[in-house]
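# Understanding the architecture of this molecule
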Amino acid sequence: MTTMHTLTPQTDLATDVDDVARLVNEDGERVADPELERWVADVDVTALQGLYRDMTLVRRIDTEGIALQRQGQLGLWAPCQGQEGVQVGTARAFRADDFAFPSYREIGVQHVRGAKPADFVIAWRGEEHSTYNPYDINTATPQIIIGAQSLHAVGYAMGIQRDGTDQVAAAYFGDGASSQGDVNEAMIFASSFRAPVVFVCTNNQWAISEPVTVQAKFPIAGRAPGFGIPSMRIDGNDVLASLAAMRWALDHARSGKGPAFIEAVTYRMGPHTTSDDPTRYRDKEEVERWKRRDPIARVEALLRSQNAFGDDFQADVAADADRLGAAVRAAALGAVSRQPIGVFDHVYEEPHTGLAEQREHFAAYLSGFEADAEVGR
Amino acid sequence: MTQLTMAKAINEGLRRAMVDDDKVLVMGEDIGKLGGVFRITDGLLDEFGAQRVVDTPLAEAGIMGTAVGLAFRGYRPVVEIQFDGFVYPAFDQIVCQVAKLHYRTRGNVKMPITIRIPWAGGVGAAEHHSESPEAYFVHTSGLRVVAVSNPQDAYVMLRQAIASDDPVVFFEPKRLYHSKGEVDLGADLADAPPMGLARIAREGSDVTLLTYGSQVAVAMDAATAAEDEGISIEVIDLRSISPVDYRTVTASVRKTGRVVVTHEAAREAGVGAELIASVTEKCFNYLEAAPVRITGHDIPYPPAKLEKHHLPDLDRILDGVDRVLDRPNSMSGVIEP
């Protein structure tokens, strides 16, 4: 794809989902891509099975999350079905000490980074704003404000530079976020300071009800070179291409060459969140077309063609998914809300007289109910 | 003790904080070779290098958002917002990220960011260069908000702000940058009054005059003028406007029974409104008169040639004092709704 000759940018390029780099096609066949394939030369059948397992587990977490929301156990859920390929593929490229800054939809990234079952549901249940300690899995608390985390990733990368290490920070955001000032400022800062950061734009075609054409009249990956940042536009439903592209991007950043940008063209199969009704703004045919590009089915076909998708493997993955699904469900159902006074926790790191007074008053108010209970009122 | 301008005191505060802790870095527009548009960061680039004195692209949200990332990584960024009216593009990052990340992550991620804002009017500046946005930040839980009024406080409180593990919005009155005062550069921070403590700038017995930052000098002049008329005004420099040191404030109000608040910012839902609401709740039975606010008008900041009509001056403050003392004043005979 040509991105430099922009005197006559073509609108249709923005929505072209075929003009992307890939290594596995919709039928599960390996295809050649000299740019990408050298980055995954080591990925053998066992590794491919691992990617399949990851994606299947992520889909199971997602399925469980939607079910729990429908059953009233979660307040909201942001489904990721269809995006398992880009999430798992890019996240598997990280080194453990790299640092990811995800959006709220990166369930697969959190899973690969080591999130525990409760980590997927406690925040959506409304018990906490976040669960894991970001430093335990080197992954920031998922961001709700669109695109804000892109700047955090760049700042973190600037810290890496000052510390003189070879870690990399990565920011995940969607096609809608590409319209935000923060994302554009993030690319300027990253480029100007040559920060070791990777931008992963998950173009899932829809920002709630707004199609990508409202955000972009030219491929989003085409913006990065304008900031002086090299980019790739890949098939986000191809886990192998996602792994390869992320390895390229991480290597670029890690070796001191500055930021890199990936646009992963994919599709959000479900609603934006469980509050959304996508039937109001997109047609069935479009969804059906994307079903045929399913990232999990594609790897299954590839594994079958290599005689690496036997009954035992399939049953083992299914059992693994069942265990994880059950654990996610148990974490949601077993959640225990903090004591009411806990709403005051962690607003400040150091004592704050104003809040201390409010906390004291609220504690006294709460204790009144305890006194009532004691005398049986 | 050394005679320093407030600008130099802040410069010294930054320099010493950077010497003490190599995780402290300063960032903002024009703060490197130029030394900042007010020269507050003068000389820091030469002393600490470009890794710690970061000339940024011209993008306030970018500056604030990358500061968040640096704090995530364990740094203590000191951000310079070039002028008060330029903080709004960074507002989302301040109120949604800087203020809330500690809470959102249950204390796992600290945001020890100091946001320096050259602030308020009285210097004949262009549009958007003289604003008083403090109430927006006071209203945001998770932030601390301070406003300095003299070189000594500027030096000490800046170092305290940088040392704090909480984010601090640090307002520096532009019109006081060149005012001089004694600064104890050798003072041990551990012995200094905490950042959240108010200062009784002048003792008095008839009226409590609450103010902060740019208005402290005006309030002091008003108190001196009132003395000629036999009125004793206690001036309290709040220093911290979130949290407010209500222990000091209420002790004064209970003594005087009368309260006037003055600030440059507009009146509606301003810091003065909060002060009076809280003082009324805490001291209602001690009040001899309804508290009075003397503030900027509820207008966009006016053109420089008219700003003197917007900024509370000595006479408007004394008029407010007359009102709480029920002396003849601008409201005499006016029936309020």
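This report concerns the structure included in the present document. Just so you know, these numbers come straight off a predicted model, no measurement behind them.

## Topic: the packing of aromatic side chains
Under the defined criterion, the tally for this structure stands at 29 aromatic pairs over all chains. Relative to Phe72 of chain B, the ring of Phe101 of chain A lies with its centre 5.2 Å away and its plane at 80°, an arrangement referred to as edge-to-face. Taken together, the positions of Phe101 of chain A in strand S1 (residues 99–101) and Phe72 of chain B in helix H3 (residues 60–72) put the pair across two chains. This pair shows no difference in class: Phe101 of chain A is buried, exactly as Phe72 of chain B is. Ring pairing ties together the aromatic residues Tyr88, Phe91, Trp119, Tyr136, Phe137, Phe171 and Tyr212 of chain B, which thus form one cluster. Directly above the ring of Phe94 of chain A sits Arg113 of chain A, whose terminal nitrogen or CZ lies 4.7 Å from the centroid. Seen from the ring of Tyr246 of chain B, Lys282 of chain B lies directly overhead, with NZ or CZ sitting 5.0 Å from the centre.

## Here's the deal with the interface of chain B and chain A
Between chain B and chain A, the contact holds 48 residues from the first and 45 residues from the second. Summing both sides of the interface, chain B and chain A together bury roughly 3,800 Å²; the carbon and sulfur share of this comes to 53%. Area buried by chain B at its contact with chain A is led by Arg73, Tyr103 and Arg106 of chain B, which between them contribute 20% of it. Seen at the junction of chain B and chain A, the total is five salt bridges. Across the pair Glu128 of chain A and Arg106 of chain B runs a salt bridge whose closest N-O atoms are separated by 3.4 Å. Our count for the contact surface shared by chain B and chain A stands at 31 residue pairs in polar contact (both at pLDDT 80 or more). Those elements that place two or more of their residues in the side of chain B that touches chain A are strand S3 (53–55), H3, helix H4 (91–98) and helix H5 (101–104) of chain B. It is H3 of chain B that provides the largest number of residues to the side of chain B that touches chain A, a total of 11 residues.

## Side note on the state of the cysteines
Each disulfide consists of one covalent bond between the sulfur atoms belonging to two cysteines. All names here are of chain A. Tallied over the entire structure, the rule returns zero disulfides over all chains. Cys201 carries a free sulfur, and the closest cysteine sulfur to it, the one in Cys80, is 16 Å from it. Overall, Cys201 belongs to the buried group, its relative accessible area being 0%.

## Things to note about the sheet that holds strand S13 (residues 259–266) of chain B
Residue and element names in this part refer to chain B. Taken together, five strands build an open sheet; the order of strands is S9-S11-S10-S13-S14 and the sheet is mixed. Edge positions in the sheet fall to strand S9 (199–202) and strand S14 (292–296), since each of these pairs with one other strand and no more. Sheet twist, expressed as the average angle between the axes of neighbouring strands with direction ignored, equals 25°. Of the strand pairs in this sheet, S9 and strand S11 (residues 233–237) are connected by three bridges, and their pairing is antiparallel. The residue bridging Arg199 from the neighbouring strand is Asp237, located in S11. Sheet contacts for helix H8 (residues 216–228): S9, strand S10 (207–211) and S11; angle to S11, the most-contacted strand, approximately 170°. Of the strands in this sheet, S10, S13 and S14 are in contact with helix H10 (residues 271–283), which crosses S13 at around 155°.

## With respect to the layout of surface pockets
All names here are of chain A. Looking at the second largest pocket, its volume works out to about 380 Å³. Lining the second largest pocket are 25 residues, and of these Tyr104, Arg105, Ile146, Gly174 and His272 sit closest to its centre. Mapped by element, the contributors of at least two residues to the lining of the second largest pocket are strand S2 (169–174) and strand S4 (206–207). Residues belonging to the lining of the second largest pocket are distributed by class as follows: 11 nonpolar, 11 polar and three charged.

## Considering the packing of helix H9 (residues 246–256) of chain B against H10 of chain B
Two numbers describe a pair of packed helices, the interaxial angle and the distance between the axes. All names here are of chain B. Between H9 and H10, whose axes approach to 10 Å, the crossing angle comes to 65°. In this structure, H9 meets H10 at a crossing whose hand is right-handed. In this structure, H9 uses Tyr246, Val249, Thr250, Val253 and Arg254 to contact H10, whose residues at the interface are Glu274, Leu275, Ser278, Val279, Lys282 and Cys283. Each residue belonging to the contact of H9 with H10 can be placed in one class, and the counts come to six nonpolar, two polar and three charged.

## So, the packing of helix H6 (residues 117–125) of chain A against helix H14 (residues 311–333) of chain A
All names here are of chain A. At a closest axis distance of 8 Å, the pairing of H6 and H14 adopts a crossing angle of 40°. With respect to H14, the axis of H6 lies oblique. Judged by the sense of rotation from one axis to the other, the crossing of H6 with H14 is right-handed. Taking contact as the criterion, the partners of Pro117, Ala118, Phe120, Val121, Ile122 and Arg125 in H6 are, on H14, Leu324, Ala327, Val328, Ala331 and Ala332. Its residues placed into classes, the contact of H6 with H14 shows 10 nonpolar, no polar and one charged.

## Notes on the pairing of S2 of chain A
Residue and element names in this part refer to chain A. With five of six residues buried, S2 lies mostly within the body of the structure. Inspection of the sheet shows S1 paired to S2 by three bridges, in the parallel sense. Its bridge partner being in S2, Phe101 is matched across the sheet by Ala171. Note that S2 and strand S3 (residues 197–203) share six bridges and pair parallel. Residue pairing across strands places Ala169 opposite Val197, the latter belonging to S3.

## Description of the pattern of salt bridges
Summed over all chains, the structure comprises 46 salt bridges over all chains. Its salt-bridge partner being Glu357 of chain A, residue Lys282 of chain B comes within 2.6 Å of it at the nearest N-O pair. Of the two residues, Lys282 of chain B sits in helix H10 while Glu357 of chain A sits in helix H15 (residues 353–374), which places them in two different chains. The salt bridge involving Arg144 of chain B is made with Asp166 of chain B; its shortest N-O contact spans 2.9 Å. One end of the pair, Arg144 of chain B, is in strand S6 (residues 144–147); the other, Asp166 of chain B, is in the loop between helix H7 (151–163) and strand S7 (168–173), and 22 residues separate them in sequence. Put simply, Glu128, Arg338, Asp345 and Arg359 of chain A together with Arg106 of chain B are held in one network by salt bridges that share partners.

## Considerations on empty space enclosed by the protein
Enumeration according to the criterion identifies two cavities of 30 Å³ or more in this entry. Empty space within the largest cavity amounts to approximately 60 Å³. Lining the largest cavity are Phe101, Pro102, Ala140, Thr141, Gln143, Gln149 and His152 of chain A together with Phe72, Gln97, Leu101 and Arg104 of chain B. By residue class, the composition of the lining of the largest cavity is five nonpolar, five polar and one charged. When its volume is computed, the second largest cavity comes out at roughly 30 Å³.

About the thresholds
- Residues numbered from 1 in each chain as written.
- Chains lettered and ligands numbered in written order.
- Predicted model: local features only at pLDDT ≥ 70, side-chain atom pairs only at ≥ 80, totals over all residues.
- Heavy atoms only, no water.
- Phe/Tyr/Trp six-rings, centres within 6.5 Å; stacked < 30°, edge-to-face > 60°.
- Helix = DSSP H or I, 4+ residues; strand = E, 2+ residues; numbered from the N terminus.
- Buried < 20%, exposed > 50% of the residue type's maximum accessible area, 1.4 Å probe, protein only.
- Lys NZ or Arg CZ within 6 Å of the ring centre and 35° of its normal.
- Contact = heavy atoms within 4.5 Å.
- Buried area = accessible area lost by both parts, 1.4 Å probe.
- Salt bridge = Lys/Arg side-chain N within 4 Å of Asp/Glu carboxyl O.
- Polar contact = N/O pair within 3.5 Å; in protein donor to acceptor, adjacent residues only side chain to side chain.
- Disulfide = S-S within 2.5 Å.
- Pairing = 2+ DSSP bridges.
- Axes fitted to C-alpha atoms, helices over the stretch in contact; angles between N-to-C directions.
- 1 Å grid on protein atoms, 1.4 Å probe; cavity = no way out; pocket = protein on both sides within 12 Å on 5 of 7 lines; lining within 4 Å.
- Points joined across faces, edges and corners; volume = space filled by probe spheres on them.
- Nonpolar A, V, L, I, M, F, W, Y, C, P; charged D, E, K, R; others polar.
- Left-handed = near helix turned anticlockwise from the far one by under 90°.
- Parallel < 35°, antiparallel > 145°, perpendicular 65-115°, else oblique.

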